[in-house]
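What follows is the residue order along each chain.
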Amino acid sequence: MAAHLKKRVYEEFTKVVQQQQHEEAPAKKLRLTKPSKSAALHIDLCKATTPTDALQYLLQFARKPVEPESVEGVVRILLEHYYKETDSSVRLKIASLLGLLSKTQGFLPDCIVDDAINTLNNEKSHQVIAQLLDTLLAIGTQLPENQTIRLRLVEVACRHLTDTSFGVRNKCLQLLGCLGSVDKPVSKELESMVLKDVQKIIGDYFNDQDPRVRTAAIKAMLQLHERGMKLQQTIYSQACKLLSDDYEQVRSAAVQMVWVLSQLYPESIVPIPSSNEEIRLVDDAFGKISHMVSDGSWVVRVQAAKLLGSMHQVSAHFLEQTLDKKLMSDLRRKRTAHERAKELYSSGEFSSGRKWADDAPKEKVDTYAVNLIDSGACGAFVHGLEDEMFEVRIAAVEALCTLAQSSSSFAEKCLDFLVDMFNDEIEEVRLQSIHVLRQISNNITLREDQLDTVLAVLEDSSRDIREALHELLCYTNVSTKECIQLALVELLKNLTKYPTDRNSVWKCLKFLGARHPTLVLPLVPELLSTHPYFDTPEPDMDDPAYIAVLVLVFNAAKSCPTMSALFSDHTFRHYAYLRDSLSHLVPPLRLPGRKLVSVSDSSGMASSEESSQQFLRQSLERVYTIQHLEAQGAQELLEFTIRDLQRLGELQPELAGAAEFSATYLRCQLLLMKGLQEKLWNVAAPLYLKQNAMASAAARQILEETYKLEFLYSGLETRQVAIVHHVRLQAKALQLVLNARTSRGVEPLLSICEKFLQEVDAFQRCFVAELTHFQDSFVEKLLELMPRLLACKPLDLVKILQTTLRQSGFLHLRLPEQLHRATATIIEPTGESDNPLRFTSGLVVALDVDATLEHVQDPHNSVKVQVVYPDGQAHIIHPRPGDFRNPGPGRHRLITQVYLSHSAWTEPCQIEVRLLLAYSSSKSRTSILKPAWNESTDGLPATENSIEGTIPFSKSVKVFIMPKPTRR
Amino acid sequence: MPQIQVTPLGAGQDVGRSCILVSIGGKNVMLDCGMHMGYNDDRRFPDFSYITQNSRLTEFLDCVIISHFHLDHCGALPYMSEMVGFDGPIYMTHPTKAICPILLEDYRKITVDKKGETNFFTSQMIKDCMKKVVAVNLHQTVQVDDELEIKAYYAGHVLGAAMFQIKVGLESVVYTGDYNMTPDRHLGAAWIDKCRPDILISESTYATTIRDSKRCRERDFLKKVHETVERGGKVLIPVFALGRAQELCILLETFWDRMNLKAPIYFSTGLTEKANHYYKLFITWTNQKIRKTFVQRNMFEFKHIKAFDRSYADNPGPMVVFATPGMLHAGQSLHIFKKWAGNEKNMVIMPGYCVQGTVGHKILSGQKKLEMEGRQTLEVKMQVEYMSFSAHADAKGIMQLIRMAEPRSVLLVHGEAKKMEFLKQKIEQEFNINCFMPANGETATTVTNPNVPVDIALSLLKREAALGPLPDPKKPRTMHGTLIMKDNSLRLVAPEQALKELGLSEHQLRFTCRVQIQNPQSEQDTLNTIYSHLKSVLKEHSIQHLPDGTVMVESILIKVSAAAEEPSTKTLLVSWSYQDEELGGYLCTLLRKGLPQSTG
């Protein structure tokens, strides 16, 4: 049926074109050879009797992509209809299609520039003109090299700038911004053309009567800036005027403009109006943008608050004013609550509670000196942090963060405000401010009262908040021993209230102890509740709170050797136990009367890492001598090296990724070598079976390993990916050969051979750039023989493959700088519980899963949870994107719920929960180019032979469950 | 000259009894109609006899606008409408309309039932009065009559508080009522667009104060409550039923939620339940957070806050109780206070100002022994805290609002004279605009200079626009047209059309001028010389040599004739129409100077 239809279309098409050939230029003949989309479109357009019909056809047409070769033909047809068309909406659609078409990949639109400009000259409708200008813009951006065309387009735009419709002026300005020449033309002939000062032309439209045009003008100017043109300083005053524009989008753009200029000319001097003083431009701009933080429109406020954060050159004096609102009450200067708190603290009287009129104002303010509004930056952040919209508050918090990172005095000052934000009504803001405080915590030391406020948040019911706070406490410096005690008490309280926080609290105390050994020292007797005369009962070793205290003390003791004298006997015993069971939290200690097991100070660490790196390099080097060895020797060498590397990976966590990667690679080689052992291949046909089983198992395993190599490691470069693919290709070749030897008949072989050749071809396409490194390899030889392979029969092919496989050399593996293996650890469930999770069969029970993922790229799509029931049933659960948190670079946290269900069991049994890394070979790192133009990819044979699979990458955890039969 | 007159009947250099008369463009509008808390005699209501000598107000006032439901802004409304007599429309926002009668009824009960006053408005009067109310939405332009229109803007302060723009023709006044420029836990910040009113009437309660960040206050408050509850103490928070109470409720509610606290929070019943109901309903009037999350959970549906019963006061264990009234002078709050005062673990937090003489004021000023009725003394051992949660704009906020609205002048009300003085001076200095602060009964007059809008014929506008480059909006530009004033409307049309409409025929005014020059050449040659001369001088104009022996410069005609007696003296006839007067005059002088001596 389809074929029939096609034929009819062709028939009709030829008919129509023949008619046209009488009237039109013969150039159209070209289209005859490519009767594709353009054909159908043309017919449709000819059929269309009303504008509505034509519009419908065009809309339909726009849904399908057009191949680059036929774009020009389509454009001609469209233009032809454009001239004939009377309805402006159809012309508009055609114009927009022209723009879309000229963006087609691989099509150079210079041939349609003239036509587009011509149509523009004859057009009356403003909307169509605007759309045509848009098309020109698309064309211009497609041809970044062609100066002549750009100049022409700019000229066209200048001509239409005087149009009465704002849409046209908008587009003109946009075009000028995108295409206006940034630097002087080089060649002679171009100089003869009138070179326009684009900046000046655009600048004239800063005062246009239409706000949309004003916005477009500023945006065009910003565009010029982005393209590298140096904006003139004279614009500054214009931009400042626009800050008080009536329209928010103008103000928003103007704020950006002022910011750009302040970054360009930070040090130039501008006068302060109404006085004869002068200040630096960046300070002036800072003041002006600060003002915008109290703008009427929240969009502008967000913008202003964001930009404030990136003005690092501003003077400290101005910066600190943003936190000072200059409080007054009844014309008397008043201290802020923060100042009062500080004073109370320094006078030694803390938290006396506020009395009536405690905040009584002090000295009288000079009426003339109080500037209520023109004080520039005054209190900008105070306003921003109190804003109604949380978007503004978040922007302000972020800005505070970046500013505080560059100025420690400012960091000190903004501390109080950030701490206040811990109490915001929106969790996002609270979380953000905790993160920010962590980022600047190197610059600050918390006072007791501040710490108190910070710690109050530990009771928050949101887990994210608490964990962020623990993280913060890890990096916090505190000033007194009371602070340490306070923190400990609050953390223990947290622990009792939320037992699931155990790990996080311990970790937090570890850092707290290691940071403040001298502050912990005086607290030790109290903490361990030792007594000078009496023996105190031995605390319970399984009590998480006691472990928490011990973690704090032991970490402090690490850099404070005198501390161990205060320990009682059981403390030493507990140390030994904890050092073993929680080795990541308890450091090695130099204890009296005990030998230190592993003496490793920091300098030794560094050198050992270096030496192991060298070791890694050497072992890899050694492997390359393999070519010269006998088969037996080579295998042994590989086995040894693999063992070495694996051990190295265990010893040196920093090199684990690299070591394991190379070990796996070498294992692949080893397997390949075993599979190709000469002995096996020379045996007589009846003995095939045995060696076949062995070799095909090897091939399968190699395939599996290559997927691990490709998807489990992050930091791979194309070169390594190519090598991995190469190994995979070898394995497939091996499989093919094995297949050929076992199967009878040629028919099944034919298709396998074809597939294999396709894969070789794909390899060549993907890794063209890498092919130079593949000298003397399997692939190189194959590619040399490719013409022959394509022609020959399957059996010959197999023979060729067999010899090439055995002759091909061993490829050197060069490791990339950073290589990390994706790992996952399931924290929750722990698998320790003996109490089965009981639920009624047929219903579901939710199991909380909490895991940390490291070096996983795009965990949202790739990480799955697998549940295996005792009967072998396995379920794969896809966590929601919201279940992933990102606490640091390369780290992810998965907190999710897994729903379990099963039919009734007679007694509780264990199920296994593990994490899987899903991959799909089509999504390998050499990503396929997406079609540029449209959204539908129905025409493309995209995922023909992609292999979907999963790699388990965490230890499985066993959970006791017990589905009970339903009671009736 | 047109002018706007503003007369405060209350709230002029004073707090309380807000009532402001505005005459604008021939319309009289009353802004707010409040009572004074401090008085119990006639002074508690505005002096309406100022407007009219004991007759009804209807013929004097076009409308009344109420900004929000506080009694000092709406307390005198039934008195004015029912007892003095006003039948015109009364405008207020929906929440105000809903809550206002509850408060009025409460106020009436206290005055009539408790204090036993007579000659006070009745419940029926409140009902009748509310029937005259027209509710408006935010940013809705309401046409009071053909010329007068009003528009409400969000003001923060309390639920439903609004600022009003009153506009007649091109003159406008903005009345802020009470407003708050910093958002709190349940309401957003006041907002107004750049409406550039002639007068901005602003409250100025905190004219001389710049307040600290509200976060410190909130944090302090929460910390104190939290600590007391953890100690096992009881917290009493005396509040008035509406406004701050809801803010504090939300604050505690979210804190309880966040911190997973279990201690009960109670709210003494009565007014509040009704009021909370309205808060739940008017969710669009609250702040971003509440508005965004109400789909999941309406923040005013309190999870932790339950209704209070008298018997609960004796329950053991920690609890937090909100109780009315706010100044501890009577009612439930005093009752609970008496019960709890003896225990040092307990705490009372006063969230607002207390009038002298109340128990609240006494304990705030540090008194430890209170004399109660019946000669009992009460020892106060519980902790007493003061925490101000006020929802008025501070000086900086007022300035910010002025900057937002860009008025031509400002008028301050609802504040103390001394403080206003300071702000007035600041405003004049910073914005360079007039600022008034009339006392009660004093009239402030502003002369306005309104633009006169004229309808222009589209064809004329297009024709003029086509003449040159785009008009620069910042500069005036002259154009040619006829202004027709007819039937109370102004129109600018093209001259031809005006003539047609008025049935007149067009008259042409032509100037002619004779210039004599000495030129020996023949007439034809002279004409040629003139042609080439003008061509060289007037490059921008079109110059034609017509076959009938004339030269046309644009529309100006030049003819040459030689006198019969003296052939070398040529008379040039120059003729131009009135429209070309400029060019014609120039040509005459040019020709008078004579022609250049042509050699060939």
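Treat the numbers as computed from the prediction; the structure is a model and nothing was measured.

Here we take up the overall build of chain A. Tallying secondary structure elements over chain A gives 41 helices and 18 strands in all. Taken across its 968 residues, chain A has 50% of its residues classed as buried. Counting every atom, chain A has about 47,200 Å² of accessible surface; 52% of that belongs to carbon and sulfur.

What follows deals with the overall build of chain B. Within chain B one finds 16 helices and 30 strands. Relative to the globule expectation of 25 Å for 600 residues, the C-alpha radius of gyration of chain B, 38 Å, shows a markedly less compact shape. Taking the principal axes of its C-alpha atoms as reference, chain B extends roughly 135 × 55 × 45 Å. A total of 600 residues make up chain B; the buried ones form 53% of that total. Contacts in chain B between residues at least 24 apart in sequence constitute 69% of all its contacts with a sequence separation of at least 6. Of the accessible surface of chain B, which amounts to about 27,000 Å², a share of 51% is contributed by carbon and sulfur atoms.

Between two packed helices, the angle of one axis relative to the other and the distance separating the axes together describe the packing. All names here are of chain A. Contact geometry for helix α38 (residues 747–766) and helix α39 (residues 778–791): axes closest at 11 Å, N-to-C directions at 125°. Viewed along their axes, α38 and α39 adopt a mutual orientation that is oblique. The interaxial crossing formed by α38 with α39 has left-handed handedness. Each of Phe756, Leu757, Val760, Phe763 and Gln764 in α38 lies in contact with α39, whose residues at this interface are Phe778, Val779, Leu782, Leu783, Met786, Leu789 and Leu790.

The pLDDT averaged across chain A works out to 77; a share of 81% of its residues lies at or above 70. The model gives residues 369–374 of chain A a pLDDT under 50, and that stretch makes 24 contacts with residues more than four places away or in other chains.

As a further point, take the sheet that holds strand β9 (residues 162–168) of chain B. All names here are of chain B. Taken in spatial order, the seven strands make up an open sheet running β7-β8-β9-β10-β11-β20-β21, and their pairing is mixed. Each edge of the sheet is formed by a strand with only one pairing partner; in this case those strands are β7 (141–143) and β21 (434–436). Strand-to-strand, the axes of this sheet are offset by a mean angle of 20°, without reference to chain direction. Where helix α11 (residues 395–405) meets the sheet, it contacts β9, β11 (199–203) and β20 (409–413), and its direction lies at approximately 160° from that of β11. Helix-sheet contacts for helix α12 (residues 417–431) involve β20 and β21, and the interaxial angle to β20 is about 170°.

It is worth spelling out the sheet that holds strand β24 (residues 482–486) of chain B at this point. Residue and element names in this part refer to chain B. A sheet is described by the order of its strands in space; here three strands give the open sequence β23-β25-β24, paired in mixed fashion. The two strands at the open ends of the sheet, each matched to only one other strand, are β23 (455–456) and β24. Note that β24 and strand β25 (residues 489–493) share five bridges and pair antiparallel. Across the sheet, residue threonine 482 finds its bridge partner in β25, namely valine 493.

Moving on, we come to the pairing of strand β5 (residues 90–93) of chain B. Side chains on a regular strand alternate between the two faces of the sheet. Residue and element names in this part refer to chain B. Here β5 shows no split at all, with Ile90 and Met92 on one side and Tyr91 and Thr93 on the other all buried. Alignment of β5 against strand β6 (residues 133–136), held across four bridges, turns out to be parallel. Bridge pairing links isoleucine 90 to valine 133 in β6.

Here the focus is helix α21 (residues 390–406) of chain A. All names here are of chain A. Here α21 spans 25 Å end to end across 17 residues, near enough to the 24 Å set by a 1.5 Å rise per residue. Of all 17 residues in α21, twelve are buried; the element is thus mostly enclosed. Of the residues making up α21, those classed as buried are Phe390, Val392, Arg393, Ile394, Ala395, Ala396, Val397, Ala399, Leu400, Cys401, Leu403 and Ala404.

Another aspect to go through is unusual backbone geometry. Residues and elements named next belong to chain B. Non-glycine residue asparagine 260 carries a positive phi angle of around 60°. Secondary-structure assignment places asparagine 260 in the loop between α6 (244–259) and β13 (265–267). Classification of asparagine 260 by relative accessible area gives partly exposed; the value is 32%. Phi at asparagine 432 takes a positive value of approximately 60°, unusual for a residue other than glycine.

What follows is about the packing of helix α5 (residues 68–84) of chain A against helix α7 (residues 113–122) of chain A. Residue and element names in this part refer to chain A. Between α5 and α7, the least distance of the axes is 12 Å, while the angle of their chain directions is 15°. It follows from the interaxial angle that α5 and α7 lie roughly parallel. Crossing of α5 over α7 shows left-handed handedness. Where α5 approaches α7, its residues Arg76, Leu79, Tyr82 and Tyr83 are matched on the opposing element by Asp115, Asn118 and Thr119. Classifying every residue of the contact of α5 with α7 gives three nonpolar, two polar and two charged.

Turning next to the packing of aromatic side chains. Residue and element names in this part refer to chain B. Evaluation of the coordinates by the stated rule reveals 27 aromatic pairs over all chains. A centroid spacing of 6.0 Å and a plane angle of 35° characterise the contact between phenylalanine 48 and tyrosine 79, whose relative ring orientation is tilted. Linking phenylalanine 48 in the loop between β3 (27–31) and β4 (63–65) with tyrosine 79 in helix α2 (residues 77–85), this pair joins segments that are 31 residues apart in sequence. Judged by relative accessible area, phenylalanine 48 falls into the buried class, the value being 4%.

The next subject is the pattern of salt bridges. Side chains that differ in sign of charge can pair as their charged atoms come close. Residue and element names in this part refer to chain A. Enumeration according to the criterion identifies 60 salt bridges over all chains in this entry. The residue arginine 393 makes a salt bridge to aspartate 424 at a minimum N-O spacing of 2.8 Å. Here arginine 393 is found in helix α21, whereas its partner aspartate 424 is found in the loop between α22 (408–421) and α23 (427–439), with 31 residues between them in sequence. Both residues of the pair, arginine 393 and aspartate 424, belong to the buried class. Between glutamate 490 and lysine 493 there is a salt bridge whose closest N-O contact spans 3.7 Å. Within this pair, glutamate 490 and its partner lysine 493 are both found in helix α26 (residues 481–497), separated by three residues, close to a single helical turn. Judged by relative accessible area, glutamate 490 falls into the buried class, the value being 13%.

Scoring rules and cut-offs
Residues numbered from 1 in each chain as written. Chains lettered and ligands numbered in written order. Predicted model: local features only at pLDDT ≥ 70, side-chain atom pairs only at ≥ 80, totals over all residues. Heavy atoms only, no water. Helix = DSSP H or I, 4+ residues; strand = E, 2+ residues; numbered from the N terminus. Buried < 20%, exposed > 50% of the residue type's maximum accessible area, 1.4 Å probe, protein only. Areas by Shrake-Rupley, 256 points an atom, 1.4 Å probe, with all protein chains shown as cover. Rg over C-alpha atoms; globule rule 2.2 N^0.38 Å. Contact = heavy atoms within 4.5 Å. Axes fitted to C-alpha atoms, helices over the stretch in contact; angles between N-to-C directions. Parallel < 35°, antiparallel > 145°, perpendicular 65-115°, else oblique. Left-handed = near helix turned anticlockwise from the far one by under 90°. pLDDT = per-residue confidence, 0-100. Pairing = 2+ DSSP bridges. Expected span 1.5 Å × (residues − 1). Nonpolar A, V, L, I, M, F, W, Y, C, P; charged D, E, K, R; others polar. Phe/Tyr/Trp six-rings, centres within 6.5 Å; stacked < 30°, edge-to-face > 60°. Salt bridge = Lys/Arg side-chain N within 4 Å of Asp/Glu carboxyl O.

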